[in-house]
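Architecture and fold: a report
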Amino acid sequence: MQGRRMGEPVGGRKGISRPRRSWAARLTTAAVMALALGALWTAGEKTAQAQSASTWNKRGEVAEARDDFDTAFEAFRQAHLKKPTDLRYRERYERLRFEAANQHVDRGRVMRQSGDAAGAINEFTRALQIDPGNQAAAQELQQTQKASPNAGSSAPAAAQAALASGDNGGAAPITPMLGEQTPYQKQVQRDILTLATPVSLRPVSEDPITLHMVEDTKVVYQAIGKAAGLNVIFDPDYSSKRVPVDLTSVSLYDALRIVGMLSGTFWKPVTPNTIFVAQNNRAKRTDLDDMAVQTFYLTNVSQQNDSNEILVALRNLLDPSVKIYLVASQNAIILRATPDELILAEKLINDLDRTRAEVVIDVAVLEVSRNKERDLGITLPTSIGLTPQESNYNQSSSSSTSTTSTSTTSTSTTSGLTLNTLANLNATNFAVTLSGGTVNALLTDADTRILQNPRIRATDGQHSTLKIGSKIPVATGSYSSTLSAASSYGVQTQFTYLDVGVNIDITPTVHYDREISLKLKIEVSAQNGSVTISSVTEPIISQRVSEQVIQLKDGEPSILAGLLQKQDSTSVNGTPGLASLPFFKYFFSSQDKTTQQDEIVFLVIPHIVREQVLTDENTEAVYTGTSQSIELMRKDPAKIAAARAERMDLAAPSTSTQETSAARAASAMVGAIARDGSPIPAGAGTVPPPTPPAANAGGSTTPVSLQVIPPSTVQTVGSTFQVVLKVTNARDLSTIPLQMQFNPKVLQLVGVEDGTLMSRDGQPAALVHRDGDDGSVTITSTRPPQAPGVNGEGSLCTLTFKAIGAGDSPLALVRIGARDSKQNNLPTVGSQGVVHVK
């Protein structure tokens, strides 16, 4: 069967065909279809656009929940671009801009601390691309580029292009922190950068000097200069003299100081390898002492008085001629003094400008109010009344007249008591009134407890206030104001507001022995009715107030009780005589007994959350010269190293000491999991010590075990935490020397405190620790020489660390030892822990 050709009649019938539409009709139909398709496309595009913005928004919410601020910022930015008129997307986009930029700033700081300047520049640049208004990122970027000028060349090309052109991914251009500068300002900036610091002596040789001679002072100075590779020049006004010098293995600075003391001279560096010698007197000191200007910024002052105290201390300790000025708006002190005086001032500021200790105070307020009432008994009638009653003493007479139409009846009654009726009185002539009796059986017992448990964080020496409750208006006075005879404002009443509820005022003082003095006032008040005075209703305020100054240890509770109000009342209502009989009194009387008791208890527990740690450098004495001039004495680096090596009293590792490694720690964890099948706890940074060997025939016993116990939570950068060293299996333990290693880029040691093990019997134990520059700390705990050793287990010491960078830091005992009271070595084993910082 063949198909129909175009133009052939339908059905094969000739002469019959459908009417053909014109081209105009076809074009009109196509236009309508195009418009319809366009409308559908536009509606679909809008729907797709709305769905796309919603999808980006959901992605951003999921990323924000994971603290992935970069992904969340980009997702919210895309949602905002899809629907710029939606304020929800704009708010989230702007909020995540700040979070994401700060995250990159924190990463850049960590990289800069670890020595990766190029990576830090990339992070700061990315922060500026996200948030061009982040001045912290701009400042950090400028400081990093200034400290590492070659780091920009190693940065990726994209970062260099962003720094050069200010490209920030479509946002506003990056603006330099200093802005546009005029040629004069640029020249001044270059002149400032060329200013030199005070000259410091840099000898060619640091070898000890041995000198035995009796010569002229100039010859002696020149001999010392040749030994150290220094040039020596003399004041033209100086007249030398012969002095005996007998020096053996002394440092350069000690040799110059000794010769100056013998000859009455002083010296000052002119260049790094040249010294100038002159007569030591006040006039020469004033003329020749170099002066320098330095600005010291105070970082821990919170009020004007703190800065003034440091300023007064510097003025009293430095020479009166020193120029010193306090810039309170910048928390800065500017000094113009000699280089030695500036160094001394910096040490004093470092010792005085310290972070204040902080205390968290838990306050529990318990108020017990109990009202108890018991009303029991039977109340009999307590009164009888007799009332005379009238009777029909006289018979009334009546007459009736009846007719067919009406009937009339009249009655006449004579009332009242007469002598006749009084003579014939009987029981029916009296009415008796008898009061009703009652049976009482009532017991009321109300017990109310009001507990407030606020927590206050206060700084050392600063007043803190906490108020929980409401304010109640109280009238304090009234006045009448009349403008004219015809008009008056009437009586105007003045009000004040009283704080009703729990009011706490605390001023803590943290002592260096971890004790806390609290000056506190605790007040619990409530409205207890009202009273009307001069037509004004005033509230009645009941209150319990405790005001005291106490001194507590860290974590020691203080309970204040005894604020007790008790009231008892008893009332009896019954038949006299019978109401006093035992047991029968409840049948002939009602006994109502009421007991009202109100007691309040305060509980205060202070906790030190930040302490002011003192080091040996803060408390040691510093040589400052004579009363005529301030002159500092430098320590010999060789002697410092020798003293550290000499104080390193670590016992050699015994044959039973097992080295702590990450592999052994992982093996111990896996073994623990295999034994009990439980997952690793969240704080499984502490590795339990290995199973000690059993006693053998030779008599060796279980070794002394040292365990590192870090915190169980992940720490944040800037937080402080404590790590405990615990000793188990101790027997006759007298001395423990150890050395711990940690990552100095992640952790910073703040202080070491003694534990309870070595002094548990009351004997004073000496704890000595020394900090190393490579992230190590050496700790030695020793009991008195004649005291016996300790047994059992307990904490050896507590180490306080501060997290300064993100990452993981092991806490490994690299060298440990133990001795008994006879100074015999004891077998020891150790463990390690891990601290996570984000």
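Conventions adopted
- Residues numbered from 1 in each chain as written.
- Predicted model: local features only at pLDDT ≥ 70, side-chain atom pairs only at ≥ 80, totals over all residues.
- Heavy atoms only, no water.
- Helix = DSSP H or I, 4+ residues; strand = E, 2+ residues; numbered from the N terminus.
- Buried < 20%, exposed > 50% of the residue type's maximum accessible area, 1.4 Å probe, protein only.
- Contact = heavy atoms within 4.5 Å.
- Areas by Shrake-Rupley, 256 points an atom, 1.4 Å probe, with all protein chains shown as cover.
- Pairing = 2+ DSSP bridges.
- pLDDT = per-residue confidence, 0-100.
- Axes fitted to C-alpha atoms, helices over the stretch in contact; angles between N-to-C directions.
- Parallel < 35°, antiparallel > 145°, perpendicular 65-115°, else oblique.
- Nonpolar A, V, L, I, M, F, W, Y, C, P; charged D, E, K, R; others polar.
- Patch = residues over 30% accessible without salt bridge, like charges linked within 9 Å, V, L, I, M, F, W, Y side chains within 5 Å.
- Salt bridge = Lys/Arg side-chain N within 4 Å of Asp/Glu carboxyl O.
- Lys, Arg positive; Asp, Glu negative; His and termini not counted.
- Charge placed at Lys NZ, Arg CZ, Asp CG, Glu CD.
- Phe/Tyr/Trp six-rings, centres within 6.5 Å; stacked < 30°, edge-to-face > 60°.
- Lys NZ or Arg CZ within 6 Å of the ring centre and 35° of its normal.
- Core = buried A, V, L, I, M, F, W, Y, C linked by side-chain atoms within 4.5 Å.
- 1 Å grid on protein atoms, 1.4 Å probe; cavity = no way out; pocket = protein on both sides within 12 Å on 5 of 7 lines; lining within 4 Å.
- Points joined across faces, edges and corners; volume = space filled by probe spheres on them.

Another point: the overall build of the chain. Along its length, the chain carries 18 helices and 31 strands. Across the 838 residues of the chain, 32% fall into the buried class. Within the chain, counting contacts between residues at least 6 apart in sequence, those at least 24 apart form 70% of the total. For the chain, the accessible area works out to roughly 50700 Å², and carbon and sulfur atoms hold 53% of it.

With 17 bridges connecting them, strand E18 (residues 515–533) and strand E19 (residues 536–553) associate as antiparallel partners. Within E19, the position partnered with Ile533 by the bridge is Val536. Count of turn residues in the E18/E19 antiparallel hairpin: 2 residues, of which Ser534 carries a positive phi of about 55°.

Attention now goes to the confidence of the model for the chain. Averaged over every residue, the pLDDT of the chain is 75; residues scoring 70 or more account for 73%. Every residue in residues 1–28 is under pLDDT 50, and counting partners more than four places away or in other chains gives 8 contacts. For the stretch residues 158–178, pLDDT sits under 50, and the model shows 35 contacts to residues farther than four places along the chain or on other chains.

Orientation of helix H9 (residues 217–228) relative to helix H10 (residues 252–263), taken along the N-to-C sense of each, is 175°, at an axis distance of 11 Å. Between H9 and H10, the angle is such that the two are roughly antiparallel. Of the residues in H10, those touching H9 at Thr217, Val220, Tyr221, Ile224 and Ala228 are Leu252, Ala255, Leu256, Val259, Gly260 and Ser263. Partitioning the contact of H9 with H10 into residue classes produces 8 nonpolar, 3 polar and no charged.

A cluster of basic residues, Lys372, Arg374, Lys566 and Lys593, forms a positive patch at the surface. Relative to the helices and strands, Arg374 resides in strand E9 (residues 358–379). Judged by its relative accessible area of 42%, Arg374 falls in the partly exposed class.

Tallying each qualifying case throughout the model produces 6 aromatic pairs. When the ring of Tyr253 is compared with that of Trp267, the centres are 6.4 Å apart and the planes differ by 40°; the resulting orientation is tilted. Taken together, the positions of Tyr253 in helix H10 and Trp267 in strand E4 (residues 265–271) put the pair 14 residues apart, joining distant regions of the chain. On the basis of relative accessibility, which here comes to 19%, the residue Trp267 falls in the buried class. Relative to Phe801, the ring of Phe742 lies with its centre 5.2 Å away and its plane at 75°, an arrangement referred to as edge-to-face. In this pair, Phe742 sits in the loop between strand E23 (720–741) and strand E24 (747–754) while Phe801 sits in strand E27 (residues 790–803), placing the two residues 59 residues apart along the sequence. Taking the relative accessible area as the measure of exposure, Phe742 reaches 8% and is therefore buried. Residue Phe801 is classed as buried on the basis of its relative accessible area, which comes to 0%. Taken together, Tyr221, Phe234 and Tyr238 form an aromatic cluster joined through their ring pairs. Over the ring of Tyr89 we find Arg88; its NZ or CZ atom is 5.5 Å from the centre of that ring.

As a further point, take the nonpolar core. Grouped together as the largest cluster of nonpolar side chains are 35 residues, with contacts concentrated most on Leu725, Leu733, Leu799 and Phe801. Mapped by element, the contributors of at least two residues to this core are strand E22 (704–709), E23, E24, strand E26 (776–782), E27, strand E28 (807–816) and strand E31 (832–837). It is E23 that provides the largest number of residues to this core, a total of 9 residues. Residues contacting Leu733, with those up to four places away along its chain left out, are Val727, Leu757, Met758, Arg783, Gly789, Val790, Ala818, Arg819 and Leu826. Within the second largest apolar cluster, 22 residues are counted, among which are Tyr221, Ala228, Phe234 and Leu247.

The subject of this paragraph is the sheet that holds strand E8 (residues 332–337). Strand order in the open sheet formed by 3 strands is E6-E8-E7, and the pairing between neighbours is antiparallel. Strands with a single pairing partner mark the edges of an open sheet, and in this sheet they are strand E6 (292–297) and strand E7 (323–327). The average undirected angle you get between the axes of adjacent strands in this sheet is 15°. Relative to E8, E7 is paired through 5 bridges, and the arrangement is antiparallel. For Lys323, the partnering residue across the bridge sits in E8 and is Arg336.

Approximately 1600 Å³ is the volume attributed to the second largest pocket. Forming the walls of the second largest pocket are 48 residues, and the residues nearest its centre are Asp289, Thr338, Pro339, Asp340 and Ile630. Listing elements by their share of the lining of the second largest pocket, those giving two or more residues are H10, E4, helix H11 (282–288), E6 and helix H13 (339–352). The element that contributes the greatest number of residues to the lining of the second largest pocket is H13, accounting for 6 residues. Broken down by class, the residue content of the lining of the second largest pocket amounts to 22 nonpolar, 14 polar and 12 charged.

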